[in-house]
Every structure is written in structure tokens, then in C-alpha cells.
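Here are the chains, one letter per residue:
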Amino acid sequence: MDDDADMNTALMIDGNAVAGRLEDIFGRDMTTAVTRCAGCANQAEMGALMAFVRGPGIVLRCPSCQAVIARIVETATAVYFDARGAAFIRLGARS
Ligand SMILES: [Zn+2]
């Protein structure tokens, strides 16, 4: 996969725009979940990541170094959540 092709800002959407999809998948609000970039160790809330729509999926990138933090691809039968670019994703306690 060409990692640079989706840097086209025309495809860029706000991370909060994918909040609804994330909430569907995880069953909770994920916009305030904190991610640590595996590349540069920058920590950012998921709602603050750069989100790109690419083909059937969504790509979330680090706002500091632009590395891919996570990819979400939905098929007819499953959701693939690839978060290999995150050292961790920290979810707050449920209120
Ligand atoms: Zn980074």
C-alpha cells in the first residue's frame, strides 16, 4: 500500500467525523480516548487525529508526524481495526 497517497488533504476529514463509526464499533465514545503514536510518542485524543477516507476504510494519522495510527475497514461481515501504529490507546473509566 502506498502510504503517501492518502495524504491528499481533499480526502481529509476531522477525527470527530468518524466518532460515530468508532462509537458503533466500540460501543462507547472514543473521541477522548488517548492514543500514543508508536513512531514519535506523541499523545493525542482520537478526535484530534487526522482522519482520511480511503476506499472502503478510514485512516487515522498522527497529527505530529503523520504516521498511520490506525485503520478501520468495514466489510459486509466484519470490521477490521488495525491499530499497529499506536503504542497504546487509553480508554478512560466508564462513567
Ligand atoms: Zn507520530
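Structure report, in brief. Quick caveat: nothing in here was measured; it's all calculated off a predicted structure.

## Structural notes on the side chain of Asp82
(1) Moving on: By secondary structure assignment, the location of Asp82 is in strand 7 (residues 79-82).
(2) Moving on: Each residue touching Asp82, except ones within four places of it in the same chain, is listed here: Ile69, Ala70 and Arg71.

## Concerning the nonpolar core
(1) Moving on: Of all hydrophobic cores here, the largest spans 16 residues; its most connected members are Val18, Leu22, Met46, Leu49, Leu60 and Ile69.
(2) Moving on: Within the residue set of this core, elements represented by two or more residues are strand 5 (57-61) and strand 6 (68-74).
(3) Moving on: The element that contributes the greatest number of residues to this core is strand 6, accounting for three residues.

## A few points about unusual backbone geometry
(1) Moving on: Its identity is not glycine, yet Ala41 carries a phi of approximately 70 degrees, on the positive side.
(2) Moving on: Inspection of the secondary structure puts Ala41 in the loop between strand 2 (34-37) and strand 3 (43-45).
(3) Moving on: In the Ramachandran plot, Gln66 falls in the positive-phi region, its phi being about 70 degrees despite a non-glycine side chain.
(4) Moving on: Tracing the backbone shows Gln66 in the loop between strand 5 and strand 6.
(5) Moving on: Its relative accessible area of 31% is what places Gln66 among the partly exposed residues.

## What to know about the coordination of the zinc ion
(1) Moving on: Coordination of the zinc ion by the protein involves Cys37 (SG), Cys40 (SG), Cys62 (SG) and Cys65 (SG), with metal-donor separations of 2.3 to 2.4 Å.
(2) Moving on: Here the zinc ion binds four donor atoms, and the angle range of 105 to 112 degrees at the metal identifies the geometry as tetrahedral.
(3) Moving on: Between consecutive donor residues of the zinc ion, the sequence gaps follow C-x2-C-x21-C-x2-C.
(4) Moving on: Among the residues examined, Cys37 registers a relative accessible area of 2% and is labelled buried.
(5) Moving on: Owing to a relative accessible area of 33%, Cys40 belongs among the partly exposed residues under this scheme.

How each quantity is defined
Residues numbered from 1 in each chain as written. Predicted model: local features only at pLDDT ≥ 70, side-chain atom pairs only at ≥ 80, totals over all residues. Heavy atoms only, no water. Helix = DSSP H or I, 4+ residues; strand = E, 2+ residues; numbered from the N terminus. Contact = heavy atoms within 4.5 Å. Core = buried A, V, L, I, M, F, W, Y, C linked by side-chain atoms within 4.5 Å. Buried < 20%, exposed > 50% of the residue type's maximum accessible area, 1.4 Å probe, protein only. Donors = N, O, S within 2.8 Å, 3.2 Å for Na, K, Ca; no water. Tetrahedral: all angles 85-135°; square planar, octahedral: opposite > 155°, others 65-115°.

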